[in-house]
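Each chain, written out:
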Amino acid sequence: MKAVFRRCWKLVSAVRRHVFSPRGFAVLALVAVGFVLGVLVAQVWTSDDSSSDNARQLPAGADDSRDPASQSDVESTAADQGAASDSTGGANEQPPTDSASSESAEDQSSTTPGTGTDPTTPETEASPNPAVVVLDQEPPTYEEALAMAAALAPLTIYPSDCMSPLPHPDLMPNAPRAYRFGIHQGVDFRCFTLGHDAVAALDGRVVLAVGNYQDPDSDDRDELLEIAGDLQATPPFTLLTLYGNFVVIDHGVFPFLGHVVTVYAHLHEVDHDIRVGQTIRAGARVGEIGNRGTHAAANGDFYEDPHLHWELHIDNLYLGAGLSPQETREVYTTLFSEALG
């Protein structure tokens, strides 16, 4: 026991000699200086973080150092941007509106498609007639359309020997097609019986021919029209379904006029000699006029109201787009003036 005590006392004496020696005081001084520097650095770091947090959390209006004029300019710019955003949003929310057609006015009584409702807006009753027609480009004015028709008149052949549609606004472009929430963009030549031919109105080249069309049954057709009701417009794929058998002829680009294309729809059959890519002369047979693609054909009746649905497009817009019924009649009367003598 005494031996252990003596050994401990020797250790304590050795520690005292080292601590109270010059080297020991130097070590203690370095430790003290390091501790003080650490405390100072910690205080500076904490102060910087606090200042940064206060700057981020400063409430609106608390920064008195900002120039009032600059603040006013910023607020004015933000208000202008908000107004522009609201205006753009309103434009984007406009429902799409179709500008094409494929059937006669008699089909309007076939089916009334359902309409979609927006849960964020009050429910309103849909108008059977579209209020506006949204076009991909600005349509020609009445004077411009009349000049286009006059330029094409010497080259245009009457595409059918059936009843003239000119006195009947419901058979002309821009007539509403409420059953599909669209606008008629063609001319309907009503024939009443089979056995009438559709002929090419101008020289051109066949670019599309559908001669094996299968009419959907009445229920399937109604479902397609319900989609148009939900959209308040006729989707392009639905419009193609309503064409039935049809042929598209590209007549090329006319100087000072534009790119001219014609469509021949509701054909009972396409002429057997029609081939995509072939050239075709004005007056050449395109096919037999029928009612394929219509409500009657969907019900299995291929003899009710056969008619040629004929369209003339110039630079992606049908001739007469956006015109009044009287203006449309004048334009197409001019177009067919030489063909009718």
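In case you missed it, the structure is sitting above this.
Residues numbered from 1 in each chain as written. Predicted model: local features only at pLDDT ≥ 70, side-chain atom pairs only at ≥ 80, totals over all residues. Heavy atoms only, no water.

Enquirer: Help me get a handle on the pattern of salt bridges, residues and values and all.
Expert: Within the structure shown, the criterion is met by six salt bridges. Taking the shortest distance from any N to any O, the salt bridge between Asp 197 and Arg 285 comes out at 2.9 Å. One end of the pair, Asp 197, is in strand S4 (residues 197-199); the other, Arg 285, is in strand S9 (residues 285-289), and 88 residues separate them in sequence. Given the relative accessible area of 29%, Arg 285 is considered partly exposed. Salt bridges sharing common partners tie together Asp 197, Asp 271 and Arg 285. (Salt bridge = Lys/Arg side-chain N within 4 Å of Asp/Glu carboxyl O. Helix = DSSP H or I, 4+ residues; strand = E, 2+ residues; numbered from the N terminus. Buried < 20%, exposed > 50% of the residue type's maximum accessible area, 1.4 Å probe, protein only.)

Enquirer: Explain a negative patch on the surface residue by residue, including any values.
Expert: There is a patch of like negative charges on the surface, built from Asp 217, Asp 219, Asp 220, Glu 223, Glu 226 and Asp 230. Its location among the elements puts Asp 230 in helix H5 (residues 218-231). (Patch = residues over 30% accessible without salt bridge, like charges linked within 9 Å, V, L, I, M, F, W, Y side chains within 5 Å. Areas by Shrake-Rupley, 256 points an atom, 1.4 Å probe, with all protein chains shown as cover. Lys, Arg positive; Asp, Glu negative; His and termini not counted. Charge placed at Lys NZ, Arg CZ, Asp CG, Glu CD.)

Enquirer: How would you summarise unusual backbone geometry if you had to cite specific residues and measurements?
Expert: Even without glycine at this site, Phe 181 takes up a positive phi of about 55 degrees. Mapped onto the elements of the fold, Phe 181 is located in the loop between strand S1 (176-177) and strand S2 (182-183). Using a relative accessible area of 8% as the deciding quantity, one classes Phe 181 as buried. Look at Asp 305: it is not a glycine, yet its phi comes out positive at around 50 degrees. By the secondary structure assignment, Asp 305 is in the loop between helix H7 (295-298) and strand S10 (307-314).

Enquirer: Lay out the nonpolar core in plain terms, naming residues and giving numbers.
Expert: Residues Leu 152, Val 286, Trp 310, Leu 319, Tyr 332 and Leu 335 are the most contacted members of the largest nonpolar core, which totals 38 residues. Only helix H4 (142-152), strand S3 (187-190), strand S6 (245-254), strand S7 (258-270), S9, S10 and helix H8 (325-335) provide two or more residues apiece to this core. Excluding residues that lie within four positions of it along the chain, Trp 310 makes contacts with Pro 159, Gly 186, Val 187, Phe 189, Ala 201, Thr 262, Val 263, Tyr 264, Tyr 332, Leu 335 and Phe 336. Counting seven residues, the second largest nonpolar core, distinct from the first, contains Phe 246, Val 248, Val 261 and Ala 265. (Core = buried A, V, L, I, M, F, W, Y, C linked by side-chain atoms within 4.5 Å. Contact = heavy atoms within 4.5 Å.)

Enquirer: Could you give an account of a nonpolar patch on the surface, with specific residues and numbers?
Expert: On the surface, a nonpolar cluster with roughly 560 Å² of combined accessible area is contributed by Val 33, Phe 35, Val 36, Leu 37, Val 39 and Leu 40. With respect to the helices, strands and loops of the structure, Leu 40 is situated in helix H2 (residues 22-56). The partly exposed category is assigned to Leu 40, whose relative accessible area is 45%.

Enquirer: Could you give me a rundown of H4, with the residues and numbers involved?
Expert: Regarding H4, the residues found buried are Ala 145, Met 148, Ala 149 and Leu 152. Along the long axis of H4, the arc covered by the buried residues comes to 95 degrees, so they all point the same way. Of the surrounding elements, those touching the buried residues of H4 are S6, S7, S10 and H8. (Arc of directions from axis to C-beta.)

Enquirer: I'd like to hear about the pairing of S10, residue by residue, with values.
Expert: S10 sits mainly inside the fold: eight of its eight residues count as buried. Side chains His 307, His 309, Glu 311 and His 313 project from S10 onto one buried face, and the interleaved Leu 308, Trp 310, Leu 312 and Ile 314 project onto a second face that is buried too. Bridge count between S3 and S10: four bridges; the pairing is antiparallel. Counterpart to Asp 188 in the pairing with S10 is His 309. Examined bridge by bridge, S7 and S10 share six bridges and lie antiparallel to one another. Of the residues in S10, the one forming a bridge with Val 261 is His 313. Taken together, the two bridges between S10 and strand S11 (residues 317-318) define a ladder with antiparallel strand orientation. Residue pairing in the sheet places His 313 in a bridge with Tyr 318 of S11. (Pairing = 2+ DSSP bridges.)

By themselves these figures say nothing about function.
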